[in-house]
Amino acid sequence: MSRVASRREARVPDRVRLARYARAPEFGPRVVFFSGGTALRATSRMLPSHTHNSVHLITPFDSGGSSARIREVFPVLAVGDLRNRLMALADKQLKGNPGVFRLFSMRLPVEVQPPEQRAILDTIIDGDHPLIQEVPAPLRRLIRTQLEHFRHRMSDNFDLAGASIGNLIITGG
C-alpha cells in the first residue's frame, strides 16, 4: 500500500469568484450544510447573495422555547430550527417577502395574560393585525388558514407566551 499526498494552494476568499457569484448566484458553488437551525445563521444570511445551490439538512430536535411547547402537544418534529434557517435564507428584497419575514419573526408577548395572547393570535387569523396585512393577498390567506388549523387544534391551556408566529404557521401546515 502506497501513500499519495496532494497539495493545492488557493486564495481565500477568491475575490474574482466572489464577484462572479454575486452577479449570478444561480451559478454559485454547490454547498451542503448539516446543522441545527441557529448554527450557521450568519453564513446562511449571506449565502443567497453568492449561491442558489445550497442544501440544508436541519436536525429536528430543537427543544427550546416555542418548539418545546409545540412538540409537547402536537405530534410534529421541532419547527423552530427549520423556521430559523428559512428566515436566514429568505430573500427579504422581493415584493411581499419583507412582510412575510416580519410576520414569521414575530413572537407573542410574554408580559401579557393568556387571553390577550390569544386575542393577538386571533387578530392575525382574522386578517386585522398590521403584520398580516403587509403580506400579499394569496399568501395572506394561506398563512391565515394555517394559523386557523393551529388555533383549532390548540388546547385551551396551551402556553402562547413568547410563541413564534412562524412556528405556529409551520405547525398549522
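Attention here is on the structure that accompanies the text. Since the model is a prediction, treat every value here as computed from it, not as a measurement.

What to know about the overall build of the protein chain
A count of helices and strands for the protein chain gives nine helices and two strands. Along the chain direction, N to C, the helices and strands of the protein chain fall in the order α-β-α-β-α-α-α-α-α-α-α. At 20 Å, the protein chain has a C-alpha radius of gyration far larger than the 16 Å of a compact globule built from 173 residues. When the backbone C-alpha atoms are referred to their principal axes, the protein chain occupies close to 70 × 40 × 25 Å.

Concerning helix α4 (residues 80–89)
Summarising burial for α4: seven of the ten residues are buried, a large majority. Among all positions of α4, only Gly80, Asp81, Arg83, Asn84, Arg85, Met87 and Ala88 are buried.

Looking at the pattern of salt bridges
Within the structure shown, the criterion is met by five salt bridges. With a closest N to O distance of 2.6 Å, Arg102 and Glu134 form a salt bridge. Taken together, the positions of Arg102 in helix α5 (residues 97–105) and Glu134 in the loop between α7 (130–133) and α8 (137–153) put the pair 32 residues apart, joining distant regions of the chain. Its relative accessible area of 42% is what places Arg102 among the partly exposed residues. Using a relative accessible area of 36% as the deciding quantity, one classes Glu134 as partly exposed. A salt bridge links Arg141 to Glu148, with the shortest nitrogen-to-oxygen separation between them at 2.9 Å.

A look at the nonpolar core
The biggest cluster of nonpolar side chains holds 26 residues, and the ones touching the most others in it are Leu103, Leu108, Ile143, Leu147, Leu160, Ile165 and Leu168. Where this core is concerned, the elements lending two or more residues are α5, α6 (114–126), α7, α8 and α9 (165–172). Examining the composition of this core, we find that four residues originate from one element, α6, more than from any other. Residues within four places of Leu103 in sequence aside, it is in contact with Ile124, Leu131, Ile132, Val135, Ile143, Ile165, Gly166 and Ile169.

Criteria and cut-off values
- Residue indices follow the written sequence of each chain, beginning from 1 at its first position.
- Per-residue local features are limited, in this predicted model, to residues with pLDDT of at least 70; the limit for side-chain atom pairs, both in listing and counting, is 80 or more; totals at the level of whole chains, interfaces and linings are taken over all residues.
- Hydrogens and water are ignored here; the side-chain numbers use all heavy atoms of the structure.
- Numbering of helices and strands starts at the N terminus; helices are DSSP runs of H or I of at least 4 residues and strands are runs of E of at least 2.
- For a compact globule the rule gives 2.2 Å times the number of residues to the power 0.38, and the radius of gyration it is set against comes from C-alpha atoms.
- The classification of residues rests on relative accessible area computed with a 1.4 Å probe and restricted to protein chains. Under 20% of the type maximum is buried, over 50% is exposed, and intermediate values are partly exposed.
- One side-chain nitrogen of Lys or Arg within 4 Å of one carboxyl oxygen of Asp or Glu is enough to make a salt bridge.
- Within this scheme, the nonpolar core is defined by two criteria: the residues are buried Ala, Val, Leu, Ile, Met, Phe, Trp, Tyr or Cys, and they are joined through side-chain atoms within 4.5 Å.
- By definition in these notes, contact holds between two residues if any of their heavy atoms fall within 4.5 Å.

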